[in-house]
Amino acid sequence: VEEELLFSTVHHLNRGVSLLLKFPSEKRISIAQLNLRAGTRAIQQSSFKSAYSYLKVGVELLLEDSWENQSKLSINLYFLLSKAAYALGSIDDAKIMLKTIIEKVKKLED
């Protein structure tokens, strides 16, 4: 997806996040992946507020078992969300995201 089209598409999808949460799990994961792509590109452009918004929705779309079944997606969303939060000055939020990653990964190792 072209960059501008990616941002536009993800922005419009995210406007209906409450409806997206009712989508089947495969669709939710696909849209979470799109939010990860948009968030990654936004961080590369130093557009941290947009990145935070995309990544936050991506996290919201994760399923209860995402840490077990979509661990790479979950880790990437949480890590980049912490990076965007830190860049925006939300140090406590960034720490919470990083702590969540550590706790979830430890559980996966057990």
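Look above for the structure.
Residues numbered from 1 in each chain as written. Predicted model: local features only at pLDDT ≥ 70, side-chain atom pairs only at ≥ 80, totals over all residues. Heavy atoms only, no water.

Caption draft 1: Spatial organisation of the nonpolar core. One finds Leu55, Leu73, Leu77 and Tyr78 to be the most contacted residues of the largest nonpolar core, which totals 27 residues. Secondary structure elements with two or more residues in this core: α1 (3–14), α3 (25–44), α4 (48–61), α6 (71–87) and α7 (91–109). For this core, the element with the highest residue contribution is α3, accounting for seven residues. Once residues lying within four places of it in the same chain are set aside, the contact partners of Tyr78 are Val59, Leu62, Trp67, Met97, Thr100 and Ile101. (Core = buried A, V, L, I, M, F, W, Y, C linked by side-chain atoms within 4.5 Å. Buried < 20%, exposed > 50% of the residue type's maximum accessible area, 1.4 Å probe, protein only. Helix = DSSP H or I, 4+ residues; strand = E, 2+ residues; numbered from the N terminus. Contact = heavy atoms within 4.5 Å.)

Caption draft 2: Structural context of the packing of aromatic side chains. This model, assessed by the stated rule, comprises two aromatic pairs. Ring centres 5.8 Å apart and planes at 10° place the aromatic pair Phe7 and Tyr54 in the stacked group. In this pair, Phe7 sits in helix α1 while Tyr54 sits in helix α4, placing the two residues 47 residues apart along the sequence. Comparing Phe7 with Tyr54 shows no difference in burial state: the two are buried. (Phe/Tyr/Trp six-rings, centres within 6.5 Å; stacked < 30°, edge-to-face > 60°.)

Caption draft 3: Layout of the environment of Lys99. Among the structural elements, Lys99 can be located in helix α7. A relative accessible area of 53% means that Lys99 is categorised as exposed. The spatial distance from the C-alpha of Lys99 to the C-alpha of Leu13 is 29 Å, given a sequence separation of 86 residues.

Caption draft 4: Geometry of the side chain of Arg28. Take Arg28: it is sitting in helix α3. Glu64 provides the closest opposite charge to the buried, unpaired Arg28, separated from it by 7.9 Å. Every residue in contact with Arg28, bar those within four places of it in the chain, is listed here: Leu20, Leu21, Phe23, Glu60, Leu61, Leu62 and Leu63. (Lys, Arg positive; Asp, Glu negative; His and termini not counted. Salt bridge = Lys/Arg side-chain N within 4 Å of Asp/Glu carboxyl O.)

Caption draft 5: Highlighting the packing of α6 against α7. At their nearest, the axes of α6 and α7 sit 7 Å apart, and the two run at 160° to each other. It follows that α6 is roughly antiparallel to α7 by the angle criterion. In the crossing of α6 with α7, the sense of the turn from one axis to the other is left-handed. Every residue of α7 that contacts α6 at Ser71, Ile75, Tyr78, Phe79, Leu81, Ser82, Ala85 and Tyr86 is listed here: Ile91, Asp93, Ala94, Met97, Leu98, Thr100, Ile101, Val105 and Leu108. The residue inventory of the contact of α6 with α7, partitioned by class, reads 13 nonpolar, three polar and one charged. (Axes fitted to C-alpha atoms, helices over the stretch in contact; angles between N-to-C directions. Parallel < 35°, antiparallel > 145°, perpendicular 65-115°, else oblique. Left-handed = near helix turned anticlockwise from the far one by under 90°. Nonpolar A, V, L, I, M, F, W, Y, C, P; charged D, E, K, R; others polar.)

Caption draft 6: Expanded view of unusual backbone geometry. The residue Ser46 is not glycine, and still its phi comes out positive at about 60°. Considering the arrangement of structural elements, one finds Ser46 in the loop between α3 and α4.

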